[in-house]
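Fold and geometry: a report
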Amino acid sequence: MALEISFARQADAAFVADVTALINRVYADAEKGLWQPDTQRTDEPEVAAVIAAGELAVARSDGDLAGTVRVQRLPTGEGEFGMLVASPTHRGLGIGRDLVAFAETWARQQGMPTMQLELLVPREWTHPVKDFLREWYTRIGYHPIRRDPFEDAYPHLQPRLATPCDFVVYHKPL
Ligand SMILES: CC(C)(COP(=O)(O)OP(=O)(O)OC[C@H]1O[C@@H](n2cnc3c(N)ncnc32)[C@H](O)[C@@H]1OP(=O)(O)O)[C@@H](O)C(=O)NCCC(=O)NCCS
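Just so it is clear, the structure is predicted and the values come from calculations on it, not from any experiment. (Residues numbered from 1 in each chain as written. Predicted model: local features only at pLDDT ≥ 70, side-chain atom pairs only at ≥ 80, totals over all residues. Heavy atoms only, no water.)

**Quick notes on the pairing of strand β7 (residues 165-173)**
Of all nine residues in β7, eight are buried; the element is thus mostly enclosed. Relative to β7, strand β5 (residues 114-122) runs antiparallel, the two sharing nine bridges. Bridge pairing in β7 places Met115 opposite Lys172. Pairing between strand β6 (residues 143-149) and β7: six bridges, direction antiparallel. Its bridge partner being in β7, Asp148 is matched across the sheet by Phe167. (Buried < 20%, exposed > 50% of the residue type's maximum accessible area, 1.4 Å probe, protein only. Helix = DSSP H or I, 4+ residues; strand = E, 2+ residues; numbered from the N terminus. Pairing = 2+ DSSP bridges.)

Okay, here's the thing in structure tokens:
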């Protein structure tokens, strides 16, 4: 497998549609039970805007779209990654690990002292995908710094939830 990770530069409609479909397909499975049916993680205008801002890195395996990660500098100075996705047909091959490493290298090169991520978790039960992520992020150096109610951050999206959720914010010193 020849894996390449780079910032997406092209934003033609077919590419935006492919990326949007991949992110929505992966999140529909990974966040099953957290959202009302038919709630989508993102849409084409948002993905096009993220690409235009130079914030979306894409993994290609032998030329095929195999994963994504969004990076940005927060107003508070930390780097943050999100929209971390590996295609279901390319799991367990190190694509997620390489995407996180790419995001961390990008933030280090920009002089950011810390990388942040937010993990959406159900408030009253445990979710197997989220448990896997919590364990993995801990293994690679992330630690929780706070837990915020989802509705505080996104009150307008709260009716879309199927169950009460929190954001656990993780940091890793770079
Ligand atoms: C998170 C995600 C991107 C990881 O992608 P991936 O390419 O399959 O992961 P990797 O192959 O890089 O493996 C990541 C870690 O999980 C471990 N792992 C991978 N597959 C595993 C499996 N089947 N069982 C146990 N551990 C596994 C790897 O050993 C690795 O751990 P390490 O870094 O300590 O060695 C992918 O699972 C995904 O798209 N999840 C859904 C979207 C999501 O929830 N994103 C995060 C939002 S915060």
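Don't stop here, the text continues.
**Quick notes on the nonpolar core**
Counting 26 residues, the largest nonpolar core has Phe81, Leu84, Leu117, Leu119, Tyr137 and Tyr142 as its most contacted members. For Leu119, the contacting residues outside a window of four places in its chain are Lys130, Leu133, Arg134, Tyr137, Asp166, Phe167, Val168 and Tyr170. Membership of the second largest hydrophobic core comes to 15 residues, among which are Val16, Ile23, Tyr27 and Val47. (Core = buried A, V, L, I, M, F, W, Y, C linked by side-chain atoms within 4.5 Å. Contact = heavy atoms within 4.5 Å.)

**Observations concerning the site of the ligand**
As a structural note, the neighbourhood of the ligand is formed by 19 residues, with Leu84, Gly94, Gly96, Arg97 and Arg139 the closest of them. Here an oxygen atom of the ligand and a backbone polar atom of Ala86 are 2.9 Å apart. Backbone polar atom of Gly92 to an oxygen atom of the ligand: 2.9 Å apart, as the coordinates give it. Contact with the protein chains covers 72% of the free accessible surface of the ligand, which is 960 Å². Among the elements of the structure, α1 (13-30), β4 (79-86), α3 (95-109) and α4 (128-139) are those that each provide at least two residues to the shell around the ligand. A total of five residues in the shell around the ligand trace back to one element, the largest contributor, which is α4. (Near = heavy atom within 4 Å. Polar contact = N/O pair within 3.5 Å; in protein donor to acceptor, adjacent residues only side chain to side chain. Areas by Shrake-Rupley, 256 points an atom, 1.4 Å probe, with all protein chains shown as cover.)

**Examining the environment of Thr39**
Inspection of the secondary structure assignment puts Thr39 in the loop between α1 and α2 (44-52). Sequence separation between Thr39 and Phe81 is 42 residues, and the spatial gap between their C-alpha atoms is 22 Å. Within the structure, Thr39 has its side chain in polar contact with the backbone oxygen of Gln36 (distance 2.7 Å).

**A closer look at the side chain of Asn24**
Relative to the elements of secondary structure, Asn24 occurs in helix α1. When neighbours within four sequence positions are excluded, Asn24 is seen to be in contact with Gln40, Arg41 and Thr42.

**Observations regarding the packing of aromatic side chains**
Per the stated rule, a full pass over the model turns up eleven aromatic pairs. A centroid spacing of 6.3 Å and a plane angle of 55° characterise the contact between Tyr137 and Tyr170, whose relative ring orientation is tilted. Here Tyr137, found in helix α4, pairs with Tyr170, found in strand β7; they are 33 residues apart in sequence, far enough to count as distant. In terms of burial, Tyr137 and Tyr170 fall into one category: buried. The structure contains a cluster of three or more aromatic residues connected by ring pairs, namely Phe81, Phe132, Trp136, Tyr137, Tyr142 and Tyr170. In this structure, Arg41 packs its charged tip against the face of Tyr27, placed 5.2 Å from the ring centre. (Phe/Tyr/Trp six-rings, centres within 6.5 Å; stacked < 30°, edge-to-face > 60°. Lys NZ or Arg CZ within 6 Å of the ring centre and 35° of its normal.)

Limitation: the analysis is restricted to geometry and does not speak to function.
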